[in-house]
Amino acid sequence: RTFTKAIVRKPAETFANGISTANLGKPNYQLALKQHEAYCEALIKCGLELTVLDANPDFPDSCFVEDTAVVTPEFGVIARPGDPQRLGEEQEIKSVLAPMLKLHYIEAPGTLEGGDIMQADNTFYIGLSGRTNLAGSKQLHKILAQYNYNTYSVPVCNLLHFKTGVNYLGGNNLIMHRDFCSKDDFKGYNQLIVDRAEEYAANSLRINNYVLVPKGFPKTKSGIKQLGYAVIELDLSEFQKMDGGLSCLSLRF
Ligand code: CIR
C-alpha cells in the first residue's frame, strides 16, 4: 500500500496538561515543537503531502491526531475518544477530512480511538481497550465490511492502545511486545519481538520505503534493518512523556 497524504497537528502550549501515566516528568514544550518538526520532515521524506494543523490549546492531547479517525484512501471514520478530556477533538478533524474523504462516524455509546486500529493489508484489527469499547468496535466493523475489509476484535491488556504494543510493517511482518496478550491471534505473521527494555519502539511505523523508529532503541532498529527496511530514527522523548508514540502523531492515507 502506498501512502500519499498525512495530517498532523502541532503540539499546543497546554501540551503538558494532557493525559499521562508515564512518570517520565513534564515535557519541554520547545523541545516537543522541535521533535514535531523533525517528525514532519520525516513524513515528507517518505513522500507524503502534509497538512499541518495549527495547535489547539483547548485540547492538550490534540497533537495525537491518530486517535481522532481511521483513514483509508477511499473513506474516513471519525472516531469518538474514550477519555472525556479528549472528546471533541474528533469534531476538529471532521472539518479537515470532510473535503478530502467520504466520512462515516462512530456514535454514542460507542467509543473508539485510532490508536486501537491497525490495518494489515485487507484486514483491520480493532483493539478493545480502556478507550475503545465493544459498541465502537461493532460500529467500525459494520462500516469496514461495506468496503470488503476483514475485521477482528482483539483484547488489549495493560496498554493504553492496541498499537502501543503491536504494529504492522508490511510484507507479513509484525513488530510486537514480548508479553502482548493477544499474541496468539497473530500466529500467521512473522513476529519481530521487541526486547522488554525497548518496548516503546514497538510503535514503529512503516511508510512507503521507510520505517520510522523512535531514537534510542538499538536492538529494535537493527531487527527492523535486518528485515530489509530503510530506517529513519526520530527522537520522541517529549511525546513519550505524554504516553504518545510515533504513529499517534499523524493520520496517513
Ligand atoms: C492520551 O492519553 O490519550 C494521550 N496522552 C496519548 C495518546 C497516544 N495516542 C496513541 O497511542 N495513538
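Residues numbered from 1 in each chain as written. Predicted model: local features only at pLDDT ≥ 70, side-chain atom pairs only at ≥ 80, totals over all residues.

Thoughts on the overall build of the protein
Phase 1 of the analysis: A count of helices and strands for the protein gives six helices and 15 strands.
Phase 2 of the analysis: With the C-alpha coordinates aligned to their principal axes, the bounding extent of the protein is approximately 45 × 40 × 35 Å.
Phase 3 of the analysis: The contacts in the protein between residues at least 6 apart in sequence include a share of 66% that link residues at least 24 apart. (Helix = DSSP H or I, 4+ residues; strand = E, 2+ residues; numbered from the N terminus. Contact = placed C-beta atoms within 7 Å.)

Points about helix H1 (residues 29–45)
Phase 1 of the analysis: A rise of 1.5 Å per residue sets the reference length of H1, with its 17 residues, at 24 Å; its end C-alpha atoms lie 24 Å apart and thus fit the reference within 8%.
Phase 2 of the analysis: All buried positions along H1 are accounted for by Ala32, Gln35, His36, Tyr39 and Leu43. Across the axial projection of H1, the buried residues extend over an arc of 105 degrees, all falling on one side. Exposed side of H1, more than 90 degrees from the buried face: Gln30, Leu31, Glu37 and Ile44 are the residues found there.
Phase 3 of the analysis: Downstream of H1 by a residue or two, Gly47 has a phi angle that is positive, lying close to 100 degrees. (Expected span 1.5 Å × (residues − 1). Buried ≥ 20, exposed ≤ 12 C-beta atoms within 10 Å, placed from the backbone. Arc of directions from axis to C-beta.)

As for the site of the ligand
Phase 1 of the analysis: Residues in close proximity to the ligand total 18 residues, the closest being Ile19, Phe64, Gly115, Gly244 and Cys248.
Phase 2 of the analysis: Of the residues assigned to the shell around the ligand, the class counts are five nonpolar, seven polar and six charged. (Near = placed C-beta within 6 Å. Nonpolar A, V, L, I, M, F, W, Y, C, P; charged D, E, K, R; others polar.)

Overview of the nonpolar core
Phase 1 of the analysis: Among the nonpolar cores identified, the biggest contains 61 residues, and Val65, Ala69 and Leu249 are the most heavily contacted of them.
Phase 2 of the analysis: Apart from the residues lying within four places of it in its own chain, the contact partners of Val65 are Ile7, Val8, Arg9, Ile93, Leu249, Ser250 and Leu251. (Core = buried A, V, L, I, M, F, W, Y, C linked by C-beta atoms within 7 Å.)

Observations concerning the pairing of strand E8 (residues 150–155)
Phase 1 of the analysis: Here strand E7 (residues 123–128) pairs with E8 via six bridges, running parallel. Note on E8: the bridge partner recorded for Tyr125 is Tyr152.
Phase 2 of the analysis: In this region the chain leaves E7, passes through helix H3 (residues 134–146) and returns to the parallel neighbour E8; the handedness of that crossover is right-handed. (Pairing = 2+ DSSP bridges. Right-handed = clockwise from strand over helix to strand, strands pointing away.)

Notes on the UniProt feature "active site" (unreviewed entry) in the protein
Phase 1 of the analysis: Annotation from UniProt places "active site" (unreviewed entry) at His161 and Cys248. The greatest C-alpha distance among the annotated residues, which extend across 88 residues, is 9.9 Å, indicating that they converge on a single site.
Phase 2 of the analysis: Mapped onto the elements, His161 comes out in the loop between E8 and helix H4 (162–165).
Phase 3 of the analysis: When the 29 C-beta atoms within 10 Å are taken as the criterion, His161 is described as buried.
Phase 4 of the analysis: Apart from the residues within four sequence positions on either side, His161 is in contact with Glu113, Gly115, Asp116, Gly127, Ser129, Arg131 and Val156.
Phase 5 of the analysis: Note that Cys248 resides in the loop between helix H6 (237–240) and strand E15 (251–252). (UniProt positions renumbered as here; feature names shortened; annotations may be inferred.)

Regarding the sheet that holds E15
Phase 1 of the analysis: With mixed pairing, three strands are arranged side by side in an open sheet as E2-E1-E15. On the outer flanks of this sheet lie strand E2 (49–53) and E15, each paired with one strand and no other.
Phase 2 of the analysis: Strand direction decides the pairing type here: strand E1 (residues 5–9) and E15, joined by two bridges, are antiparallel. Residue Ile7 lies in a different strand from E15, and its bridge partner there is Leu251.

Concerning unusual backbone geometry
Phase 1 of the analysis: With an omega dihedral of 5 degrees, the bond running from Ala108 to Pro109 counts as a cis peptide bond.
Phase 2 of the analysis: For Pro109, the location among the structural elements is in the loop between strand E5 (102–105) and strand E6 (117–120).
Phase 3 of the analysis: Notably, Asn23 is not glycine yet its phi reads approximately 60 degrees, a positive angle.
Phase 4 of the analysis: Residue class for Asn23 comes out exposed when judged on the 6 C-beta atoms lying within 10 Å of it.

Quick notes on the sheet that holds strand E13 (residues 210–214)
Phase 1 of the analysis: As summarised here, the arrangement of the three strands in space is E12-E13-E14, forming an open sheet in which the pairing is mixed. What marks the edges here is a single partner per strand, and that holds for strand E12 (205–207) and strand E14 (230–234). Between one strand axis and the next, the sheet turns by 30 degrees as a mean value, whatever way the strands run. (Axes fitted to C-alpha atoms, helices over the stretch in contact; angles between N-to-C directions.)

Quick notes on the confidence of the model for the protein
Phase 1 of the analysis: For the protein, the average pLDDT comes to 97, and 100% of its residues sit at 70 or higher.
Phase 2 of the analysis: Reported confidence for the predicted complex is 0.97 by ipTM and 0.97 by pTM. (pLDDT = per-residue confidence, 0-100.)

What about helix H5 (residues 218–226)?
Phase 1 of the analysis: Among the residues making up H5, those that are buried are Thr220, Lys221, Gly223 and Ile224. Axial view of H5: buried residues confined to an arc of 160 degrees, hence all on one face. Residues Lys219, Ser222 and Gln226 are exposed on H5 and point more than 90 degrees away from its buried face.
Phase 2 of the analysis: Buried positions along H5 lie against strand E11 (190–194), E13 and E14.
Phase 3 of the analysis: Once H5 finishes, Gly228 follows within two positions and takes phi at roughly 100 degrees, a positive value.

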